Amino acid sequence: MVTADTAPPFPRVGGHPAFDLVDTVHWRLDERRAIDTLASFDDVVAWCAQFGVLADEPDALRSLARRDPSGAAEEHAAVLALREAVHDAVFAASPSAVGLIAREHVAALARASLVRGPDERSWSWRVPTDLTGPRAAIAMLAQDLVTSDLSAARQCADDACGWVYLDTSPRHNRVWCTAAGCGNRNRVARHQARKRA
Ligand SMILES: [Zn+2]
C-alpha cells in the first residue's frame, strides 16, 4: 500500500467515526491501488481534529511528536492496528481484532478522566493530553462501534473501493459508499458493458 502526502479533509461517509477511520484507506480491496491517507502521526492528529475527538490542541500534539519521534511513530502504528481491527472485527468477526479493541479500550479508560460537559448536564470521557491521546480516543470510538447494533454495517459493492458505512437508508438498500463516486462509476461501467454486448 502506498501512502498519501496530503489527506484532509478526510472522507465522512461511514455514519460512525470508527468507520470513517477505516475509510482513511482508499481502494482497500485492491492491493496495487490501495492508498493509506494516515501516513504519519501528524495525519492521525489531523484526522482526530477533523472529527473533534481530541482533548488537546492539534498543534500541542504535533510539537510533542517533534520532540519524541519514536513515541509518535509507535502511536501511529498502534492507531493503524486499531483501524484494521475495527474492519476485521466488523467484517470478519475476528476474535483477535476484538481482543485488541478490548485491550486498547481498557487501557484508554485507565488513563482517561470524566469531565463535566459544556452544557453542565452530563460528564464525558477526556483522553490523556499526551501522545497517547489519539490512540485512546480512537479506542473509545472502536469500542462504541463494535458494541452497537452492526446489522446495518456494509462495505461498498465496488470491486476495489472497500469503504465501509452504516446503511441508514430508509429501505436499507444502500450498496455504494457514495452515489456520486462508486455508484456513478459502476453505473457507467455497466452501461458500457451492455453496449459492447
Ligand atoms: Zn465505494
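Rules behind the numbers
- Residues numbered from 1 in each chain as written.
- Predicted model: local features only at pLDDT ≥ 70, side-chain atom pairs only at ≥ 80, totals over all residues.
- Heavy atoms only, no water.
- Helix = DSSP H or I, 4+ residues; strand = E, 2+ residues; numbered from the N terminus.
- Rg over C-alpha atoms; globule rule 2.2 N^0.38 Å.
- Donors = N, O, S within 2.8 Å, 3.2 Å for Na, K, Ca; no water.
- Buried < 20%, exposed > 50% of the residue type's maximum accessible area, 1.4 Å probe, protein only.
- Patch = residues over 30% accessible without salt bridge, like charges linked within 9 Å, V, L, I, M, F, W, Y side chains within 5 Å.
- Areas by Shrake-Rupley, 256 points an atom, 1.4 Å probe, with all protein chains shown as cover.
- Salt bridge = Lys/Arg side-chain N within 4 Å of Asp/Glu carboxyl O.
- Axes fitted to C-alpha atoms, helices over the stretch in contact; angles between N-to-C directions.
- Parallel < 35°, antiparallel > 145°, perpendicular 65-115°, else oblique.
- Left-handed = near helix turned anticlockwise from the far one by under 90°.
- Contact = heavy atoms within 4.5 Å.
- Nonpolar A, V, L, I, M, F, W, Y, C, P; charged D, E, K, R; others polar.
- Expected span 1.5 Å × (residues − 1).
- Pairing = 2+ DSSP bridges.
- 1 Å grid on protein atoms, 1.4 Å probe; cavity = no way out; pocket = protein on both sides within 12 Å on 5 of 7 lines; lining within 4 Å.
- Points joined across faces, edges and corners; volume = space filled by probe spheres on them.

**Student:** Describe in detail the overall build of the protein, supporting the description with residues and values.
**Tutor:** Looking only at helices and strands, the protein features seven helices and seven strands. Along its sequence from the N terminus, the protein presents helices and strands in the succession β-α-β-β-α-α-α-α-β-β-α-β-β-α. In terms of overall size, the protein behaves like a compact globule, its C-alpha atoms giving a radius of gyration of 18 Å where 197 residues would be expected to give roughly 16 Å. Considering only C-alpha atoms, the protein reaches an extent of 60 × 35 × 35 Å along its principal axes.

**Student:** Which residues make up the coordination of the zinc ion, and what values go with them?
**Tutor:** Note on the zinc ion: its protein donors are C156 (SG), C161 (SG), C177 (SG) and C182 (SG). The metal-donor distances range over 2.3 to 2.4 Å. Read N to C, the donor residues that coordinate the zinc ion are spaced as C-x4-C-x15-C-x4-C. Taken together, the residues span a long stretch of sequence, with C156 in the loop between strand 6 (153-155) and strand 7 (164-166) and C177 in the loop between strand 7 and helix 7 (179-196) at a distance of 21 residues. Residue C156 shares its accessibility class with C177, and that shared class is buried.

**Student:** For a nonpolar patch on the surface, give the residues involved together with the corresponding values.
**Tutor:** Residues L114, W123 and W125 make up a contiguous nonpolar surface patch of roughly 370 Å² in combined accessible area. Checked against the element boundaries, W123 lands in strand 5 (residues 123-126).

**Student:** Can you explain the packing of helix 5 (residues 95-111) against helix 6 (residues 133-146)? Please cite residues and give values.
**Tutor:** At a minimum axis separation of 8 Å, helix 5 and helix 6 run at an interaxial angle of 125°. The angle between the axes of helix 5 and helix 6 places the two elements in the oblique class. Crossing of helix 5 against helix 6: the hand is left-handed. Across the interface between the two elements, I101, E104, H105, A108 and L109 from helix 5 touch R135, A136, A139, M140, A142, Q143 and V146 from helix 6. Among the residues making up the contact of helix 5 with helix 6, the classes are represented as eight nonpolar, two polar and two charged.

**Student:** Residue-level account of the pattern of salt bridges, with values.
**Tutor:** One pass over the full model with this rule turns up ten salt bridges. Across the pair E84 and R28 runs a salt bridge, and its minimum N-O distance is 2.7 Å. Here R28 lies in the loop between strand 2 (25-26) and strand 3 (35-36) and E84 lies in helix 4 (residues 69-91), a separation of 56 residues in the sequence. Here E84 falls in the partly exposed class, since its relative accessible area comes to 25%.

**Student:** Quick rundown of helix 4? Include the residues and the values.
**Tutor:** Helix length check: helix 4 (23 residues) gives 33 Å between terminal C-alpha atoms against 33 Å at 1.5 Å per residue, within 8%. Once helix 4 ends, the next one or two residues include A93, with phi positive near 45°.

**Student:** How would you explain the pairing of strand 4 (residues 113-116) if you had to name every residue and give the values?
**Tutor:** Note that strand 4 and strand 5 share four bridges and pair antiparallel. Following the sheet pairing, V115 is matched in strand 5 by S124. Between strand 4 and strand 5, which pair antiparallel and follow one another directly, the connecting turn spans six residues, one of which, E120, has a positive phi of 60°.

**Student:** Go over the layout of surface pockets with me, naming the residues and quoting the values.
**Tutor:** In this structure, the largest pocket spans a volume of roughly 180 Å³. Lining the largest pocket we find G52, V53, L54, A55, V115, W125, R126, V127, A137, M140, L141 and D144. Of all elements in the fold, only strand 5 and helix 6 reach the threshold of two or more residues within the lining of the largest pocket. Counting residues per element, the lining of the largest pocket draws most heavily on helix 6, which supplies four residues. Of the residues that constitute the lining of the largest pocket, the class distribution is nine nonpolar, one polar and two charged.

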